[in-house]
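# Fold and contact review
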Amino acid sequence: MSDDPLFPEPVARALADYRALRDAHGVCWGEPPLTYVVQAWTTVFLYTRYDFWGAGLRQLAERHPELPQDGLEDLLGGVDADRVVRDALGGDVVDNLAALRLTPDGVTLEAITQVVLDDRPFRTSLLLDSSRDEPVTVVVDGTAYEVPPRGAKVVGTGGSVTADGRPVDLTLLCRRAAPAAVRVRAGFPCRWSVTGANGQGWYPEGAPHKVDALRRPYFHGDDLVVAVPAEPLTVTVARGMEYASAEIVITPEAGAEALVELAPERLYDAAARGWYGGDLHVHLNWMGEEPAAPELAAAAQHGEDLHVLNLVAGNVASERVYDLEALAHWAGQDLPWSDARHLARIGVEYRNDLVGHLTAFGLQEPPQRCHTGFQGTADWPPNAVACEELRALGGVIGYGHPFHTAFGEGDPPDVVLGRRRNCSAREIVADAALGLIDALDVLNHSSVAGTAAVYRRLVGAGNRLAVTAGTDAVLSFCRRGTASSPPGWERVYANVAGPLTAESYAEAILLGRTFATTGPWLELAVNGHGPGDTLDLAPGQRAEIVVTSIGPEVERLEIRTAEGVLAQGPPGRLAATLVADEPTYVVAVATGPPHPRTLHRRGVHAHTSPVYVDVAGSHVAREADVRWCLAWLDRLEALLREFGRFDTGDQLDDHLEVYERAREVYRGRLA
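Read on for an overview of the structure. (Residues numbered from 1 in each chain as written. Predicted model: local features only at pLDDT ≥ 70, side-chain atom pairs only at ≥ 80, totals over all residues. Heavy atoms only, no water.)

The two faces of strand 26 (residues 466-469) match: Ala-466 and Thr-468 on one face and Val-467 and Ala-469 on the other face are all buried. Considered for its hand, the β-α-β crossover made up of strand 25 (residues 439-443), helix 11 (residues 448-460) and strand 26 is right-handed. (Buried < 20%, exposed > 50% of the residue type's maximum accessible area, 1.4 Å probe, protein only. Helix = DSSP H or I, 4+ residues; strand = E, 2+ residues; numbered from the N terminus. Right-handed = clockwise from strand over helix to strand, strands pointing away.)

Structure representation (structure tokens):
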């Protein structure tokens, strides 16, 4: 066995397997081509700026003109991914993909020239883009590739390219610069960016070449040396959402080492107020360019000053569950880099692509099952069974990345649920009624506004759920939008009683003492009571509500109840009075446009868990919300009958029995 506590033998063996998969199959590690697997490969070049979905659907519409769009969506895993990249880029060239244009008039190379520091062969990806009406053969590093008429192909090159029988001049791909070095130091672990004038990032030796959702290169640590060109560079330091960033422009001297001492300014100190921020959905390995060892997670957690990190084992599209070996080794233990201020645990993402994905924090041992419904297997048992097992193993359970489409507050369930198989949190309405889940990741990488609307419906219908956050960051990805952003770019802050432990943090979530945010601090008080508390008021009694925010990115504050927006105003402080005429809840919401501190592509969000306002002992169960949940269950049953895969009728009946038990709960609330 290895003596390294961060790299025990089972974890080391698993990482070697992942590297072998990456070397043999590329970014997707040989996973079956589900839509999000194909998208993962394309996003390495497209980031989030370019439209995979639109390009893919247009291609499929040409191939299948007889199908409606929702039918085309089911076929996205079978697109010509190389052509999707070409079409989505629309003639643009990105830094990691040069383009060889094969036109009727000849051959042209286009590239964003990269800087190199030595004479070693420069490798990059190359898009062979043909606008010719006949096939064309291009020889790259001795291998012949046939590009179909008006087709495209992405290949790697580090040597020679021949097209139309003539060598292609590749000098545009790179230029040599005189080498220098920069030592970056803050006095504590931080996130650093060292960037050239062309946007190219520079990294310490051995660090993965990661970029975030805003295409900013970064790495974590302190007192690190980076080999750089002797040219103007921008050095930026940041440290998670509780800090601002600082920046300096330098030109290091050739052959010398320049010292940059720079530290970010703190905006607020949540732990000093008894609040600890966590990211409940982070993958160590889940496909990607560079399989990730635990030390990368340790560096990221401390560099972001992320108080709580929940790494999750999970499958992609097959039986293989990534980091299951780490879960088996460390279940029930704090991970080795934890300290009094930083807690790391490993849990699981339980996945079914018809009824939703669950995450569990605080597991004492691995579950017997981690997924259902993949590679043609049955969508059975219901997620409710997984919830019961995960809870018995000590897990705090919530639905992750719940909803992915835009919809409004008043939209009926059939608009929210959609039609095709996807990983939306469809079973949540049943599991919430039955008390089988504890939380919902209202802050996630997808539709925060839509998820928040569903959350408020669930709470209005009488369910008690905590607001949580999970980024779905994947440490093994280097260039995949928010997945390659650092963990903790969204966080759930929990008001912890006493020292930070897995148990105290879990208890705070279970009590609903939380708010989730992309960055701003958000505080709610109702008659002095915070999220998770219950006020029992007499009819007509008044409650004074105060909301405060910290953070330059907030544009608008809202106070919401079961009836909608009670008050709204600019950032900083918002107050209102509630007259208790019927049971309700109170939440605070902060929003704003896109901002450099915010990595969510749709802008700034923060949302508290509720303060519950009971009236004469009665808890909120708003009729409109209860009936909305009942309509949801009816639509979910229809979806399951249409799209579910079952080996026997009894397996379907098990799902329907869960829904019927939930209906009984909601009907009881109507009474």
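Attention now moves to the pattern of salt bridges. Scanning the entire structure with this criterion turns up 50 salt bridges. Glu-73 is the salt-bridge partner of Arg-420, the closest N and O atoms lying 2.6 Å from each other. Linking Arg-420 in the loop between helix 9 (413-417) and helix 10 (428-433) with Glu-73 in helix 4 (residues 69-73), this pair joins segments that are 347 residues apart in sequence. Take Arg-420 and Glu-73: they sit in the same class, and that class is buried. In this structure, Arg-183 and Glu-257 form a salt bridge, with 2.9 Å as the shortest nitrogen-oxygen distance. In this pair, Arg-183 sits in strand 11 (residues 179-185) while Glu-257 sits in strand 18 (residues 257-261), placing the two residues 74 residues apart along the sequence. Exposure remark for Arg-183: the relative accessible area of 23% places this residue in the partly exposed category. (Salt bridge = Lys/Arg side-chain N within 4 Å of Asp/Glu carboxyl O.)

Glancing now at the sheet that holds strand 18. Spatial strand order, 15-11-18: three strands in an open sheet with mixed pairing. The two strands at the open ends of the sheet, each matched to only one other strand, are strand 15 (224-229) and strand 18. Taken pair by pair, the neighbouring strands of this sheet meet at an average axis angle of 30°, ignoring direction. As paired elements, strand 11 and strand 15 share six bridges and run antiparallel to each other. Looking across to strand 15, one finds that Arg-183 is bridged to Val-225. (Pairing = 2+ DSSP bridges. Axes fitted to C-alpha atoms, helices over the stretch in contact; angles between N-to-C directions.)

Right, let's talk about the side chain of Asn-383 for a bit. If you trace the backbone, Asn-383 turns up in helix 8 (residues 383-392). In contact with Asn-383, not counting residues within four places along its chain, are Tyr-350, Asn-352, Val-355, Gly-356, Leu-358, Tyr-399, Glu-427 and Asp-431. (Contact = heavy atoms within 4.5 Å.)

The subject of this paragraph is the nonpolar core. Core analysis: the biggest nonpolar cluster contains 103 residues, and Ile-428, Tyr-505, Trp-632 and Tyr-666 have the highest contact counts within it. Here this core takes 10 residues from helix 13 (residues 623-643), the largest share from any one element. Contact partners of Trp-632, with chain neighbours within four places excluded, come to Phe-403, Pro-413, Val-416, Leu-417, Ala-425, Arg-426, Ile-428, Val-429 and Val-454. Counting residues in each nonpolar core, the second largest holds 67 residues, with Phe-45, Val-84, Tyr-203 and Phe-219 among its members. (Core = buried A, V, L, I, M, F, W, Y, C linked by side-chain atoms within 4.5 Å.)

What the rule picks out here adds up to 16 aromatic pairs. Look at Tyr-36 and Trp-286: their rings are 6.1 Å apart centre to centre, the planes differ by 25°, and that puts the pair in the stacked class. Of the two residues, Tyr-36 sits in helix 2 (residues 35-46) while Trp-286 sits in the loop between strand 19 (275-283) and helix 6 (294-303), which places them 250 residues apart along the sequence. A connected cluster of aromatic rings, assembled from ring pairs, spans Tyr-268, Trp-275, Tyr-493, Phe-515 and Trp-521. When the ring centre of Tyr-612 is taken as origin, the NZ or CZ atom of Arg-464, which lies over that ring, is 4.1 Å away. Above the face of the Phe-477 ring, Arg-480 is positioned so that its terminal group lies 5.4 Å from the ring centre. (Phe/Tyr/Trp six-rings, centres within 6.5 Å; stacked < 30°, edge-to-face > 60°. Lys NZ or Arg CZ within 6 Å of the ring centre and 35° of its normal.)

Bringing the sheet that holds strand 35 (residues 573-579) into the picture now. Read across the open sheet, the three strands follow the order 30-32-35; overall the sheet is antiparallel. Each edge of the sheet is formed by a strand with only one pairing partner; in this case those strands are strand 30 (521-526) and strand 35. In this sheet, neighbouring strand axes are inclined to one another by 15° on average, regardless of whether the strands run parallel or antiparallel. Bridge analysis of strand 30 against strand 32 (residues 542-550) gives six bridges, and the strand direction is antiparallel. Its bridge partner being in strand 32, Leu-524 is matched across the sheet by Val-547.

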